[in-house]
Amino acid sequence: MLTWLRGKSGSLMVKLLLGLLVVSFAVWGISGQILTGVGNHVLAVGDTRVQVNEYRLAYDRQLQLLSQQFGTRISREQARAFGLEQQVLAQLVAGAVLDEQAREMNLGLSRDRLAALTAEDPAFRNANGQFDRDQFNFVLQQVGMRPDDYLRDREQLAIRQQIVDAVADGMGVPDAFLNAVALYRGEDRTADYVILDRGLVEPIGDPADDVLQAWFDENAASFAAPEYRGLDYAKLEPEDISDPSAVSDEQVTEFYETHRDSFSEPEQRTISQIVFPNVEAAEAASSRIAAGDATFDEIAAELGRSAGDLTLGTFTREDVPDPAIAEAAFALEEGGISEVVDGAFGALIVRVDEIMPEAVRPIEEVSAEIREEIALDEANRILLDVYDAYEDARAGGATLREAAAQQNLQVVNIPAVDANGLDPEGNEVADIPGREEVLQAAFEAEPNMENAPIMLGSNGYVFYEVTDVTPARERELGEVREDALAQWREQEARRLLAERANEIATRIEEGAALADVADELDLEVQTKRGLRRGADDVDLGREGVAAAFSVPVRGVETIGSNEGDRQIVLQVTEVFAPADASAETLPENVAQNYAGGLGDDLLDQLVTRLQGKYPVTVNQGAVQQALSF
């Protein structure tokens, strides 16, 4: 926390918070003395008291920060699981011991200095960068704090900061330490390695029955049968209650005439054009075409235009990009050539190459889809009426099946499904509407009881009922023998491959050459150069690089893959230390981070020592009182 704060902006408020948020020490630093009946304070450190409302305010602020971090509201129970109550208490103890030390040292703050600190806070500045009293009041109102409370807390934090600055500010790191860091960071290594795959130990034979049974007994929990539940459900969406057969021929005809455009394909034309440099050239070409002295294509060829240059495209009248071209082209017969057109990009002549007339689908062809659309619209309109009728039937004592039958809803039965949607054979149960929500609710419901429906989107429901519950149980080996054998072989292959890798590593450590061992096993020795600490190598991975830096030169390590399908035996062959490693070669932020870390350590030690110096008493009753608001 301290390191993070040090890395942030130089805001004075952030700097002052250092005195309060010294939380890296463990909760065991708080005295175990628990007092009752010590007044309206949560803890006491010497003559310093932390009141119930201060604890609650600090707790609420930390809870809000935690909720923001996770992107969801954290409940009191979840906060307790995170240890938030004790974390807040530890923070308050840290601040209280600093306050007590400041009181003993007679540290203080003048009103002028307090005013200056407040004015310097960027949160209270206006657009011109000046302190604004209205902004000050607004910000405090937003966080629910009175001005007097803010000024008191600001003064308290500033006094604590005097102690923090005296301990940690200006902390430097010795050059000898930074030189060692530069040497450590700059080192690179070369490693030889071989990759062992499962082929070295496979095939894996079947175990004896008693061996498999013993292994199964140790791993029985992973083969346990989950709880299964039987479900009845009925889905209510518009398509479930639409009735196209109830739509009359008159309704179909009326709909067809009203929406005729939606059943028509408008006329389209393929258009070519010749664009001329000026009107005079266009009129001259148009006259030649009209007189029969030249064709459209000949004019284009004279201008150096290819057939591909002429075609504008195939369009409906509305889609032609230039209205002037559209008007001219849709006034022509097929093959017709226009007079000169004043287009958006100059004078031009257009030709209609092909006309595709309007195509209207006859009513006989579309009547079925019209009936479905009308019926669906009607179903949307009456869906809530059907919902109410179903609920009224259930309230009157009807079963799910009876109420669904009255509304012509289909009831689907799922004989057995687990919480993940799988049947007892391990197959996914398909087509469960609102799958995740329905399964979650069903596994929280009581059998044979009416349940609140599950919403489907914005206009649908699933009515469901648990019909049967099969409790979870441990399976016998005979029920899952094939699965158990497969898992045993998998585990055994991993074990044998790891043993083989360790055997090879031991031989190399005892003096055998990696290349000789590789030849025996028909393996290829590969080499990695320039390995650096913390790298994620494409072949060795981050774990392999870490292994290469965990042993001295000529040292040997084995690395397994997460999938268990290979092992790597690695030997470090060379270690290169950078010749120019020194404090000056380190990035500036590295020295700053180490300085901050040393300062943090000193602050931790200070707080721990002050806890030993001043008696710390905690009123757990007051803590619970604060949390009960």
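Residues numbered from 1 in each chain as written. Predicted model: local features only at pLDDT ≥ 70, side-chain atom pairs only at ≥ 80, totals over all residues. Heavy atoms only, no water.

Draft legend 1. Fine view of helix 19 (residues 435-442). For helix 19, the complete set of buried residues consists of Val438, Leu439, Ala441 and Ala442. The buried side chains of helix 19 occupy one side of the element, clustering within an arc of 165° when seen end-on. In helix 19, the exposed residues that point more than 90 degrees away from the buried face are Glu436 and Gln440. Residues of helix 19 that are buried sit in contact with strand 4 (228-236), strand 11 (411-417), strand 12 (454-455) and strand 13 (461-470). (Buried < 20%, exposed > 50% of the residue type's maximum accessible area, 1.4 Å probe, protein only. Helix = DSSP H or I, 4+ residues; strand = E, 2+ residues; numbered from the N terminus. Arc of directions from axis to C-beta. Contact = heavy atoms within 4.5 Å.)

Draft legend 2. Here's a closer look at the layout of surface pockets. In this structure, the second largest pocket occupies an estimated 290 Å³ of space. In terms of lining residues, the second largest pocket is bounded by 16 residues, among which Pro424, Gly426, Arg475, Val480 and Asp483 are the most central. (1 Å grid on protein atoms, 1.4 Å probe; cavity = no way out; pocket = protein on both sides within 12 Å on 5 of 7 lines; lining within 4 Å. Points joined across faces, edges and corners; volume = space filled by probe spheres on them.)

Draft legend 3. Representation of the nonpolar core within the structure. Core analysis: the largest hydrophobic core is formed by 36 residues, its most contacted members being Leu43, Tyr55 and Tyr59. Put simply, the parts of the chain that give this core at least two residues each are strand 1 (41-45), helix 3 (52-70), helix 5 (84-104), helix 8 (147-168), helix 23 (588-613), strand 17 (616-618) and helix 24 (620-627). The dominant element in this core, judged by the number of residues it contributes, is helix 5, at 10 residues. Judged by nonpolar contacts, the second largest core, of 17 residues, contains Ala379, Tyr390, Ala404 and Tyr461. (Core = buried A, V, L, I, M, F, W, Y, C linked by side-chain atoms within 4.5 Å.)

Draft legend 4. Looking closely at empty space enclosed by the protein. Under the defined criterion, the tally for this structure stands at 1 cavity of 30 Å³ or more. In this model, the largest cavity occupies a volume close to 40 Å³. Lining the largest cavity, in full, are Tyr390, Glu391, Arg394, Glu450, Asn451, Phe463 and Tyr464.

Draft legend 5. Highlighting the confidence of the model for the protein chain. Per-residue pLDDT for the protein chain has a mean of 87; in total, 94% of the residues score no lower than 70. Confidence, expressed as mean pLDDT per element, reaches its minimum in the protein chain at helix 1 (residues 2-6) with 32 and its maximum at strand 4 with 97. Scored below 50 in pLDDT, residues 1-38 makes 77 contacts in the model with residues more than four places away or belonging to other chains. (pLDDT = per-residue confidence, 0-100.)

Draft legend 6. Highlighting the sheet that holds strand 4. Spatial ordering of the open sheet is given by 11-4-13-12, a layout of 4 strands whose pairing is antiparallel. Sheet topology places strand 11 and strand 12 at the edges, where each strand pairs with a single neighbour. Where strand 4 meets strand 11, 5 bridges bridge the pair, whose relative direction is antiparallel. If you follow Tyr233 over to strand 11, its bridge partner there is Val412. Packing against the sheet, helix 17 (residues 363-395) makes contact with strand 4 and strand 13, and its axis sits at approximately 35° to strand 13. Helix-sheet contacts for helix 19 involve strand 4, strand 11, strand 12 and strand 13, and the interaxial angle to strand 13 is about 45°. (Pairing = 2+ DSSP bridges. Axes fitted to C-alpha atoms, helices over the stretch in contact; angles between N-to-C directions.)

Draft legend 7. Representation of the pattern of salt bridges within the structure. If you walk through the whole model with that rule in mind, you get 39 salt bridges. The shortest N-O distance in the salt bridge between Arg152 and Asp149 comes to 3.1 Å. Linking Arg152 with Asp149, this pair stays in helix 8, spanning 3 residues, or about one helical turn. Residue class for Arg152 comes out partly exposed when judged on its relative accessible area of 48%. The salt bridge partner of Arg351 is Asp297, with a shortest N-O separation of 3.2 Å. Taken as a pair, Arg351 in strand 9 (residues 346-356) and Asp297 in helix 14 (residues 296-302) lie far apart in primary sequence, 54 residues in all. By relative accessible area, Arg351 is classed as buried at 16%. The partly exposed category is assigned to Asp297, whose relative accessible area is 43%. The structure contains a network of salt bridges with shared partners spanning Arg198, Glu202, Glu490 and Arg494. (Salt bridge = Lys/Arg side-chain N within 4 Å of Asp/Glu carboxyl O.)

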